[in-house]
Amino acid sequence: MKFAIVVNEGPYTHQASDSAYHFARAALEGGHAIYRVFFYHDGVHNGTRLASPPQDERDVVNRWSKLAAEHDIDLVVCVAAAQRRGIVDAAEKKRHAKDADNIAPGFRISGLGQLIEAGIRADRLMAFGD
Amino acid sequence: MTDEATAAPPGAVKKFMYINRRAPHGGNYAQEGLEVALIGAAFDQEVSLAFIDDGVFQLKTGQDTAAAGLKNFTAAFAALGDYEVKRIYVEAESLARRGLTADDLMPLMYEDEDDDYAEKPLIEIIGKDALADLIERQDVLLNF
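In short, a report on the structure. What you are looking at is a predicted structure, and each value in this text was computed from that prediction instead of being measured.

## Some thoughts on the overall build of chain A
Part 1 of the reasoning: Counting its secondary structure elements, chain A contains 5 helices and 5 strands.
Part 2 of the reasoning: Each helix (α) and strand (β) of chain A, taken in turn from the N terminus, gives the series β-α-β-α-β-α-α-β-α-β.
Part 3 of the reasoning: Relative to a compact globule of 130 residues, whose C-alpha radius of gyration would be 14 Å, chain A shows 14 Å and is just as compact.
Part 4 of the reasoning: Referenced to the eigenvectors of the C-alpha coordinate spread, the extents of chain A come out at roughly 45 × 40 × 30 Å.

## Considerations on the sheet that holds strand E2 (residues 46–51) of chain B
Residue and element names in this part refer to chain B.
Part 1 of the reasoning: Strand order in the open sheet formed by 5 strands is E6-E3-E2-E1-E7, with parallel pairing between adjacent strands. With partners counted over all chains shown, the strands left at the sheet margins are strand E6 (123–126) and strand E7 (140–143), one partner each. Across the sheet, the mean angle separating the axes of adjacent strands is 25° when strand polarity is ignored.
Part 2 of the reasoning: Pairing analysis gives 4 bridges linking strand E1 (residues 15–20) to E7, with the strands arranged parallel.

## Things to note about the sheet that holds strand E3 (residues 75–78) of chain A
All names here are of chain A.
Part 1 of the reasoning: Taken in spatial order, the 5 strands of this open sheet run E4-E3-E2-E1-E5, and their pairing is parallel. Strand pairing shows two members of the sheet lacking a second neighbour, strand E4 (107–110) and strand E5 (124–128), which therefore form its edges. Along the sheet, successive strands turn relative to each other by an average axial angle of 25°, direction set aside.
Part 2 of the reasoning: Bridge count for strand E1 (residues 2–7) against E5 is 5 bridges, and the pairing is parallel. Counterpart to Val 7 in the pairing with E5 is Phe 128.
Part 3 of the reasoning: Together, E1, strand E2 (33–39) and E5 form the strand contacts of helix H1 (residues 16–29), whose direction differs from that of E1 by roughly 170°.

## Remarks on the interface of chain B and chain A
Part 1 of the reasoning: Taken together, the contact pairs 27 residues of chain B with 25 residues of chain A.
Part 2 of the reasoning: For the pair chain B and chain A, the summed buried area comes to about 2100 Å², and 58% of that belongs to carbon and sulfur atoms.
Part 3 of the reasoning: Linking chain B with chain A are 3 salt bridges.
Part 4 of the reasoning: We note a salt bridge from Arg 84 of chain A to Glu 32 of chain B, for which the minimum N-O separation is 2.8 Å.
Part 5 of the reasoning: On inspection of chain B and its partner chain A, the count reaches 10 residue pairs in polar contact (both at pLDDT 80 or more).

## Re the packing of H1 of chain A against helix H2 (residues 60–71) of chain A
Helix-helix packing is characterised by the crossing angle of the two axes and by the distance between the axes.
Residue and element names in this part refer to chain A.
Part 1 of the reasoning: Taken N-terminus to C-terminus, the directions of H1 and H2 make an angle of 20°; their axes are 11 Å apart at the nearest point. Here H1 lies roughly parallel to H2, going by the angle between them. Seen from above, H1 lies across H2 with left-handed handedness. Here Ser 17, Asp 18, Ala 20, Tyr 21, His 22, Ala 24, Arg 25 and Leu 28 of H1 lie close against H2, whose contacting residues are Val 60, Arg 63, Trp 64, Leu 67, Glu 70 and His 71.
Part 2 of the reasoning: Residues belonging to the contact of H1 with H2 are distributed by class as follows: 7 nonpolar, 3 polar and 4 charged.

## Let's talk about unusual backbone geometry
Residue and element names in this part refer to chain A.
Part 1 of the reasoning: In the Ramachandran plot, His 41 falls in the positive-phi region, its phi being about 50° despite a non-glycine side chain.
Part 2 of the reasoning: Take His 41: it is sitting in the loop between E2 and H2.
Part 3 of the reasoning: Despite not being glycine, Ala 97 has its phi angle at roughly 50°, a positive value.
Part 4 of the reasoning: By the element assignment, Ala 97 lies in the loop between helix H4 (90–95) and E4.

## Comments concerning the nonpolar core
In a soluble, globular protein the nonpolar side chains are often hidden away together inside.
Part 1 of the reasoning: Ranked by internal contacts, the top residues of the largest apolar core, which has 74 residues, are Trp 64 of chain A together with Tyr 18 and Ile 88 of chain B.
Part 2 of the reasoning: With 6 residues, the top contributor of residues to this core is H1 of chain A.
Part 3 of the reasoning: Ignoring sequence-local partners within four residues, the contact set of Tyr 18 of chain B consists of Ile 116 of chain A together with Val 36, Ala 37, Gly 40, Val 47, Ser 48, Leu 49, Ala 50, Leu 142 and Phe 144 of chain B.
Part 4 of the reasoning: One finds Met 17, Ala 50, Ile 126 and Leu 131 of chain B within the second-largest nonpolar core, a separate group that totals 8 residues.

## Looking at the pattern of salt bridges
All names here are of chain A.
Part 1 of the reasoning: Applying the stated criterion across every chain yields a total of 19 salt bridges over all chains.
Part 2 of the reasoning: Close ionic contact of Arg 36 with Asp 74 constitutes a salt bridge, the shortest N to O distance being 2.8 Å. Taken together, the positions of Arg 36 in strand E2 and Asp 74 in the loop between H2 and E3 put the pair 38 residues apart, joining distant regions of the chain.
Part 3 of the reasoning: Members of the salt-bridge network, linked through shared partners, are Arg 36, Asp 74, Arg 108, Glu 117 and Arg 121.

Basis of the calculations
- Residues numbered from 1 in each chain as written.
- Chains lettered and ligands numbered in written order.
- Predicted model: local features only at pLDDT ≥ 70, side-chain atom pairs only at ≥ 80, totals over all residues.
- Heavy atoms only, no water.
- Helix = DSSP H or I, 4+ residues; strand = E, 2+ residues; numbered from the N terminus.
- Rg over C-alpha atoms; globule rule 2.2 N^0.38 Å.
- Pairing = 2+ DSSP bridges.
- Axes fitted to C-alpha atoms, helices over the stretch in contact; angles between N-to-C directions.
- Contact = heavy atoms within 4.5 Å.
- Buried area = accessible area lost by both parts, 1.4 Å probe.
- Salt bridge = Lys/Arg side-chain N within 4 Å of Asp/Glu carboxyl O.
- Polar contact = N/O pair within 3.5 Å; in protein donor to acceptor, adjacent residues only side chain to side chain.
- Parallel < 35°, antiparallel > 145°, perpendicular 65-115°, else oblique.
- Left-handed = near helix turned anticlockwise from the far one by under 90°.
- Nonpolar A, V, L, I, M, F, W, Y, C, P; charged D, E, K, R; others polar.
- Core = buried A, V, L, I, M, F, W, Y, C linked by side-chain atoms within 4.5 Å.
- Buried < 20%, exposed > 50% of the residue type's maximum accessible area, 1.4 Å probe, protein only.

Structure (structure tokens):
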């Protein structure tokens, strides 16, 4: 089965990103495919490479980056939600004349259309969050 | 909007329902939920919205957010009829529990292109069992 995943909450405060990650791993191990993971609302905070959690804790952002690299998974951060919350890639840095970018490896910033398209293309859209 | 919609693959029409459960101005879920509905219009899917629990407050007339320092994004609900949204379902029990009636809701309309562009009301108030049946028949559900 081809799954799409949407993560609607930020890391650590909320379980959504952890649950989505474990779901994705289990789905892949079960022979299923992940069409895309879309990060919306505060979920965009899962895509900053500037997070530095204590070394004896899980690294939520890094875990997504590694999963994307290992399984070639499309991690998409919503541009409108990212702009509000300060998640920035090189193109957004230039467009809004910011002094830095912070997008983590394996993530890309794109539009809400990517969420709708994922809903159309995938067999099931799994949403994680309140 | 900096969004660029990609075309839906031909032939794939799914039933999308956006379910709004929260009051409008206490967080960004409602506003960002509406943004999904507006962007989704470009994909030629069968789209409806449902308002349940405190979500029914999103459609209340006469909202004034000035004192809270917030943009009143709910003005954009009036545009939904132009965005291929044919039906907005409001759960009757949620309305009644909050002391609201149909008269408290924005008079949202759409033009029915299959009926000589007659103006028709977008909002339908339905009971929770009927709404549950509708939810059961959707392909994609997103909660905001």
